Amino acid sequence: MPTKAAPKAAPKKKAASKAAPKTKAATKAKAAPAKKTRASAKRKPSSSVEFRNFEPYKPKRGEEYMNEPQREHFKLILMRWKAELMEEVDRTVTHMKDEAANFPDPADRATQEEEFSLELRTRDRERKLIKKIDSTIERIEQDDYGFCDACGVEVGIKRLEARPTASLCIDCKTLDEIKERQELG
């Protein structure tokens, strides 16, 4: 029996060696569209919640936390983010005016209404975010920005660059989220 198993293994190796180049070619062929997808994703306009068009702040050695240059840095980030959101609102209004039609088919009408509903829901969230951005800009002007509302500790430059409207340090925010999960189950 052992002699019969050996010849059977040899043809499998040949088949495997023939299949390996095909698999590599197939992998390369599959990888090519992924690169196109990534490239096309780069060409898309940034999402309304992204505010990545800034250069990270590099604090100097011994620099005081939330000094004037840092406050200006974050104020600029917030102003740009707000401007992007406002542009998105204008685009939505224009889109809804241009695309509004009274379709005779009830399914088409329902589709359009659902699309508009989703778009308006998104804009409502962004409207609330704009209010939060405005209140954050106000905090910057009052020199109250960058410190945790709960414990008074520094929020941190990296955290503020990740979420410029953050009002809690990472520890307090984590505790807040744990409490919220416990209450909601």
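The structure this text deals with has already been given above.
Residues numbered from 1 in each chain as written. Predicted model: local features only at pLDDT ≥ 70, side-chain atom pairs only at ≥ 80, totals over all residues. Heavy atoms only, no water.

Colleague: Give me the environment of Ala166: which residues, what numbers.
Modeller: With respect to the element layout, Ala166 can be found in the loop between α4 (157-162) and α5 (170-184). As for Ala166 and Thr136, which are separated by 30 residues in sequence, their C-alpha atoms are 8.6 Å apart. In contact with Ala166, other than residues within four places in its own chain, are Val155, Arg159 and Leu160. (Helix = DSSP H or I, 4+ residues; strand = E, 2+ residues; numbered from the N terminus. Contact = heavy atoms within 4.5 Å.)

Colleague: Explain the nonpolar core residue by residue, including any values.
Modeller: The biggest cluster of nonpolar side chains holds 19 residues, and the ones touching the most others in it are Phe74, Ile133 and Leu160. At the level of elements, α2 (68-99), α3 (106-141) and α4 are the ones that each hand at least two residues to this core. Here Ile133 is in contact with Leu78, Trp81, Lys82, Leu85 and Thr165, once residues within four sequence places are set aside. (Core = buried A, V, L, I, M, F, W, Y, C linked by side-chain atoms within 4.5 Å. Buried < 20%, exposed > 50% of the residue type's maximum accessible area, 1.4 Å probe, protein only.)

Colleague: Give a detailed account of the side chain of Glu88, specifying residues and quantitative values.
Modeller: Within the fold, Glu88 resides in helix α2. Here Arg91 takes part through its side chain, which lies 2.5 Å from a polar atom of the side chain of Glu88. (Polar contact = N/O pair within 3.5 Å; in protein donor to acceptor, adjacent residues only side chain to side chain.)

Colleague: An account of the environment of Lys131 is requested, with residue identities and associated values reported.
Modeller: Note that Lys131 resides in helix α3. Residue classification places Lys131 among the exposed positions, given a relative accessible area of 53%. Sequence separation between Lys131 and Lys82 is 49 residues; the distance between their C-alpha atoms is 9.4 Å.

Colleague: Outline α3, supporting the account with residue identities and numerical values.
Modeller: Here α3 spans 52 Å end to end across 36 residues, near enough to the 52 Å set by a 1.5 Å rise per residue. Listed as buried for α3 are Gln112, Phe116, Glu119, Arg123, Glu126, Leu129, Ile130, Ile133, Thr136, Ile137, Arg139 and Ile140. Buried positions along α3 lie against α2. Immediately downstream of α3, the backbone of Asp143 shows phi near 55 degrees, a positive value. (Expected span 1.5 Å × (residues − 1).)

Colleague: Residue-level account of α2, with values.
Modeller: Along its 32 residues, α2 runs 46 Å from first to last C-alpha, staying within 8% of the 46 Å computed at 1.5 Å per residue. Of the residues making up α2, those classed as buried are Gln70, Arg71, His73, Phe74, Ile77, Leu78, Trp81, Glu84, Leu85, Glu88, Thr92 and Met96. Between a side-chain oxygen at the N-terminus of α2 and the backbone nitrogen of Gln70 the separation is 3.1 Å; the capping residue is Asn67.

Colleague: Give a detailed account of the pattern of salt bridges, specifying residues and quantitative values.
Modeller: As enumerated under the stated definition, the model contains twelve salt bridges in all. Notably, a salt bridge pairs Arg123 with Glu126, separated by 2.7 Å at the nearest N-O pair. Remark: Glu126 and Arg123 occur in helix α3; sequence separation between them is three residues, near one turn of the helix. For the pair Arg123 and Glu126, a shared accessibility class is recorded, and that class is buried. Salt bridges linked by common partners bring Glu87, Glu88, Arg91, Arg123 and Glu126 together as one network. (Salt bridge = Lys/Arg side-chain N within 4 Å of Asp/Glu carboxyl O.)

Colleague: Any chance you could break down the side chain of Arg139 for me, citing the residues and the numbers?
Modeller: As for its position among the elements, Arg139 is in helix α3. We classify Arg139 as buried; its relative accessible area is 16%. Polar contacts involving the side chain of Arg139 include one to the main-chain carbonyl oxygen of Phe147, which spans 3.4 Å. Sequence-distant contacts of Arg139, defined by excluding residues within four places in its chain, comprise Asp144, Tyr145, Phe147, Asp149 and Ser167.

Colleague: Any chance you could break down the packing of α2 against α3 for me, citing the residues and the numbers?
Modeller: Contact geometry of α2 with α3 gives a least axis separation of 10 Å together with a crossing angle of 155 degrees. The orientation of α2 with respect to α3, classified from their angle, is roughly antiparallel. The handedness of the crossing between α2 and α3 comes out as left-handed. For the contact of α2 with α3, a count of residues per class yields 15 nonpolar, four polar and eleven charged. (Axes fitted to C-alpha atoms, helices over the stretch in contact; angles between N-to-C directions. Parallel < 35°, antiparallel > 145°, perpendicular 65-115°, else oblique. Left-handed = near helix turned anticlockwise from the far one by under 90°. Nonpolar A, V, L, I, M, F, W, Y, C, P; charged D, E, K, R; others polar.)

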